[in-house]
Structure formats: C-alpha cells, structure tokens
Amino acid sequence: MTSKIKKAVFPVAGLGTRFLPATKAVPKEMLTIVDRPVIQLAVDEAREAGIEHFIFVTGRNKAVIEDHFDKQFELEETLKRRNKDIELEILQSDLPGAGQTSFTRQQEPLGLGHAVWCARDLVGNEPFALLLPDMFIHGSPGCLAQMKNVYDARGGNVIAVEEVPQDQVHKYGVVGVGADAGEGFEITSMVEKPKHEDAPSNLIISGRYILQPEIFALLDKQTAGAGGEIQLTDSMLKLMDEQDFYGLKFTGTTYDCGDKVGFLAANVALGLSRTDISPQFTQVLKQIIARNGGLD
Ligand code: G1P
C-alpha cells in the first residue's frame with residue numbers, strides 16, 4: 001500500500017539569465033506559453049495528478065509568482081461588473097484553494113539538490129512530487145498523472161525519462177535501464193551530466209520525479225557534484241542503495257522553456273493545439289514561413 005502523493009515541489013529560484021532582458025524584472029517562470037505562465041502549466045499538470053499542496057522554492061525578485069497564485073479581488077469584481085464570465089471562470093478555476101500553497105526561499109543558487117532540500121520542512125515525512133517548470137510537457141494525460149500510475153502499482157521512487165540523441169546526454173541526468181516493471185522499468189544507475197561515453201543510456205531525466213522523504217537526509221549531507229552544484233541526482237543515486245527507483249518513458253512532448261528555441265516551440269505547439277486560436281494561428285504561421293522562403 002503506497003501513501004498518496006499530496007504535495008508537489010516547484011523549484012523556481014533560477015535567475016533566467018538566458019532570457020535577459022525579459023527576465024530583468026519578470027521571473028522566467030512567469031513568461032507565457034500562449035496565455036498561461038510557464039509555472040501555471042506545471043501547476044496544472046500537478047493538479048491533474050491529484051496534488052493538493054503546491055510548494056514553491058523561490059528566490060529574490062520572484063514575489064510575483066506568489067501574487068499569481070493569490071486571489072485578485074479588484075480584478076474579479078471588475079470582471080463581474082463587466083459580465084466577463086469566461087475570464088472570471090479562468091481566474092477562479094486556476095486558483096489553488098486557501099492554504100494550498102507554500103513559499104520558501106533558496107537563499108543562494110547552490111544547485112537543484114539544495115533547492116529541493118530547502119523544501120524539507122514543508123514536505124515533511126511523506127512522498128512528494130517534484131516538477132521542474134522549465135520542462136513543459138505537452139500531452140494528455142499529463143506526465144505526472146502517468147507517473148502516478150507507476151507509483152500506485154510499485155511504490156518507491158519514480159522518474160520520468162525520455163530519449164535524446166547521444167550527443168545531447170551531457171546536458172542532463174541520465175539513467176541506466178534494468179528489468180521491465182509493468183508500465184515502467186527498474187533504474188539501475190544514474191549520473192548527472194555525463195560525458196557521452198560515460199552515459200549508461202540515452203534516457204534522460206525529464207524534470208518530473210516522485211520521491212520518498214528519505215531523500216532529504218541524503219541531501220542534507222550532499223557535497224557539490226557536476227558543475228560545482230549540489231545535485232539531486234547524486235543523492236538519488238545514494239537512495240538507490242535503500243529503495244527502488246522506476247523509470248517511465250511517458251507519452252507527451254517536452255519543450256525546454258529555459259531555452260529560447262524550446263520556449264518558442266512550446267508557444268507554437270500550444271497555440272496550434274488551442275481550438276480558440278488554432279485556425280487563425282495556422283494561417284499566420286504559413287504566411288510567415290512562406291515569406292521566409294518556405295520550409296526548406
Ligand atoms: C536538472 C537535473 C537533470 C535533469 C534536468 C532536466 O538539470 O539536474 O538531471 O535532466 O534538470 O531539465 P539542470 O537543467 O538544472 O541543469
């Protein structure tokens with residue numbers, strides 16, 4: 001019998017230097033994919049998977065994320081007076097309930113492992129989900145909902161993985177593949193940002209995790225690894241001595257919104273999937289491509 005996953009952690013302390021000047025005053029997580037901030041899409045995915053409490057590990061200049069997940073009375077009253085029912089419904093249905101959000105700060109940028117460790121008291125002694133909002137995973141059901149199925153069947157820890165070309169593995173955490181385990185497979189090893197000749201496979205960690213709380217005691221003692229940062233992958237590797245880890249090759253498409261091309265591609269993909277704007281957007285895209293010399 002596995003315990004229910006009720007809490008999700010969202011590390012959102014990154015500086016977003018790749019998006020300057022856009023991210024000078026606006027956190028990168030508030031940049032929009034069509035009309036939804038990147039962080040909202042990660043929260044949407046978590047809510048779909050049944051998450052009830054949303055824990056944000058923020059940093060300086062990120063206060064607007066807290067405002068985004070708060071009720072906006074003046075705006076709602078104005079929308080009501082103007083009979084803007086659809087807009088009002090969007091605001092109200094997106095809003096987590098009272099007491100369902102928590103915010104803590106990662107005071108120094110010491111790495112993903114350190115950011116997760118900063119959430120230890122808010123998570124407490126229960127399994128939790130971890131979503132890296134930069135990785136927007138487009139698909140239905142969402143990636144975390146798919147991972148929950150593996151977790152409900154197997155327990156332990158679950159990591160979403162996907163294939164990348166071998167010459168890209170050095171940018172990610174990479175897992176070793178063991179026996180089949182129902183919808184997932186047993187993970188046999190993992191390494192953060194390996195040289196391509198040292199990578200155990202070309203299956204990378206896609207930024208979605210279900211983890212047991214014992215990870216925190218390991219993060220507590222974790223020293224810096226790849227890139228001089230405290231790496232979550234290094235502590236997960238240690239936890240593998242005591243607990244099972246399963247990988248899931250999920251269905252869906254990942255867009256790395258921490259990267260300019262990935263971010264633009266996410267906007268195109270979501271735009272084309274939105275029935276309200278898709279026909280018009282398709283036309284405009286075709287015109288732009290034609291004006292730029294066609295597709296090849
Ligand atoms: C982090 C993780 C890495 C994972 C990646 C996904 O790396 O450490 O294992 O593959 O996210 O985006 P980062 O992108 O923070 O360097």
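As a starting point, this report considers the structure included with it. Everything numeric here is computed off the predicted structure, so don't read it as measured data.

## With respect to helix 1 (residues 38-48)
1) Next: Across the 11 residues that make up helix 1, a large majority, eight, are buried.
2) Next: Residues of helix 1 that are buried: Val38, Ile39, Gln40, Leu41, Ala42, Val43, Glu45 and Ala46.
3) Next: Immediately downstream of helix 1, the backbone of Gly50 shows phi near 95°, a positive value.

## With respect to the pairing of strand 5 (residues 101-105)
1) Next: Where burial is concerned, the two faces of strand 5 differ: the one with Ser102 and Thr104 is buried and the one with Thr101, Phe103 and Arg105 is not.
2) Next: Here strand 4 (residues 53-58) pairs with strand 5 via five bridges, running parallel. Across the sheet, residue Val57 finds its bridge partner in strand 5, namely Thr104.

## A word on the site of the ligand
1) Next: Around the ligand, the surrounding shell consists of Leu112, Leu132, Met135, Tyr172, Gly173, Glu192, Lys193, Ile205, Tyr209, Gln231 and Thr233.
2) Next: Contacts to the ligand include Lys193, whose side-chain N or O atom sits 2.7 Å from an oxygen atom.
3) Next: In isolation the ligand has 380 Å² of accessible area, and contact with the protein removes 75% of it.
4) Next: Tallied by class, residues from the shell around the ligand come to six nonpolar, three polar and two charged.

## What to know about the nonpolar core
1) Next: Phe10, Ala46, Ile51, Phe56, Leu144 and Met147 are the most contacted members of the largest nonpolar core, which has 31 residues in total.
2) Next: Counting residues per element, the ones that place at least two in this core are strand 1 (7-11), helix 1, strand 4, strand 6 (128-131), helix 7 (143-154), strand 8 (157-163) and strand 12 (245-249).
3) Next: Broken down by element, this core gets its largest block of residues, six residues, from helix 7.
4) Next: If we skip the residues at most four places from it in the chain, Ile51 touches Ile5, Lys6, Lys7, Ala8, Ala46, Ala129 and Leu144.
5) Next: Core analysis: the next-biggest nonpolar cluster, separate from the first, contains 30 residues, Met190, Tyr209, Phe216 and Met240 among them.

Rules behind the numbers
- Residues numbered from 1 in each chain as written.
- Predicted model: local features only at pLDDT ≥ 70, side-chain atom pairs only at ≥ 80, totals over all residues.
- Heavy atoms only, no water.
- Buried < 20%, exposed > 50% of the residue type's maximum accessible area, 1.4 Å probe, protein only.
- Helix = DSSP H or I, 4+ residues; strand = E, 2+ residues; numbered from the N terminus.
- Pairing = 2+ DSSP bridges.
- Near = heavy atom within 4 Å.
- Polar contact = N/O pair within 3.5 Å; in protein donor to acceptor, adjacent residues only side chain to side chain.
- Areas by Shrake-Rupley, 256 points an atom, 1.4 Å probe, with all protein chains shown as cover.
- Nonpolar A, V, L, I, M, F, W, Y, C, P; charged D, E, K, R; others polar.
- Core = buried A, V, L, I, M, F, W, Y, C linked by side-chain atoms within 4.5 Å.
- Contact = heavy atoms within 4.5 Å.

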